[in-house]
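# Geometric and topological summary
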Amino acid sequence: MLASEEPLSSALPFDGLPNRTRSESLGNIPNRTRSESLGNIRPTYIKRVAIELAKLYPNEFTADFEHNKKMVSELSDVRSNLMRNRIAGYITRYRQRLAV
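A few points on the structure. Note that the structure is predicted; figures quoted are calculated from it, not measured.

Conventions and cut-offs
Here the residue numbers are simple positions, counted from 1 along each chain's written sequence. Only residues with pLDDT of at least 70 are given local features in this predicted model, and only at 80 or more are side-chain atom pairs given and counted; all residues enter the totals for whole chains, interfaces and linings. Hydrogens and water molecules were not included; the side-chain quantities draw on all heavy atoms of the structure. Salt bridges, as used here, are contacts in which a Lys or Arg side-chain nitrogen is within 4 Å of a carboxyl oxygen on Asp or Glu. Each helix is a run of H or I in the DSSP string that is no shorter than four residues. Each strand is a run of E no shorter than two, and both are numbered from the N terminus. Here, axes are lines fitted to C-alpha atoms. For helices the fit covers the stretch in contact, and angles between N-to-C directions go from 0 to 180 degrees. Roughly parallel refers to an angle under 35 degrees, roughly antiparallel to one over 145, roughly perpendicular to one between 65 and 115, and oblique to any angle outside these ranges. Here a crossing is taken to be left-handed if its near helix is turned anticlockwise relative to the far helix by less than a right angle, and right-handed if that turn runs clockwise. Contacts are assigned to residue pairs that have any heavy atoms within 4.5 Å of one another. Three residue categories are used. Nonpolar comprises Ala, Val, Leu, Ile, Met, Phe, Trp, Tyr, Cys and Pro, charged comprises Asp, Glu, Lys and Arg, and polar comprises the others, including Gly. Exposed residues in this analysis have more than 50% of their type's maximum accessible area, buried residues have under 20%, and partly exposed residues fall in between, with area computed by a 1.4 Å probe over protein chains only.

## So, the pattern of salt bridges
Considering all chains together, one arrives at one salt bridge under this definition. Taking the shortest distance from any N to any O, the salt bridge between Lys-69 and Glu-66 comes out at 3.4 Å. Here Lys-69 pairs with Glu-66, and both are found in helix α5 (residues 65-75), just three residues apart, close to one helical turn.

## Comments concerning the packing of helix α4 (residues 44-56) against helix α6 (residues 81-99)
At their nearest, the axes of α4 and α6 sit 9 Å apart, and the two run at 60° to each other. Judged on the interaxial angle alone, α6 and α4 are oblique. The handedness of the crossing between α4 and α6 comes out as right-handed. Contact residues: Tyr-45, Ile-46, Lys-47, Val-49, Ala-50, Ile-51, Leu-53, Ala-54 and Lys-55 in α4; Met-83, Arg-86, Ile-87, Tyr-90, Ile-91 and Tyr-94 in α6. Class assignment of the residues belonging to the contact of α4 with α6 gives a composition of twelve nonpolar, no polar and three charged.

## Some details on the environment of Arg-95
Relative to the helices and strands, Arg-95 is located in helix α6. Look at Arg-95 and you get partly exposed, because its relative accessible area is 25%. Put simply, Arg-95 and Thr-62 are 33 residues apart on the chain and 6.4 Å apart in space, counted from C-alpha to C-alpha. Each residue touching Arg-95, except ones within four places of it in the same chain, is listed here: Pro-58, Phe-61, Thr-62 and Ala-63.

Right, here's the structure in full:
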């Protein structure tokens, strides 16, 4: 290292920042459980199919997952049970949000 060069650690702009934990820097945000603060991330195709079914058949779906599971099987050509359940779950949450 040349004498005129500063060490990399002292050249970083983060040296003057206060050392705080994440909870201290967030301020007065109330403590929440994981299920209250984070949502489920679903692929776009699940959302697209679910919203399309909910708009095409608005009276067929309710806020009940078991009912929606049967209706997704009847109204679509989804072969996979996992995919059917994810679509029905998204429709259930979608209908619950619309009701609020």
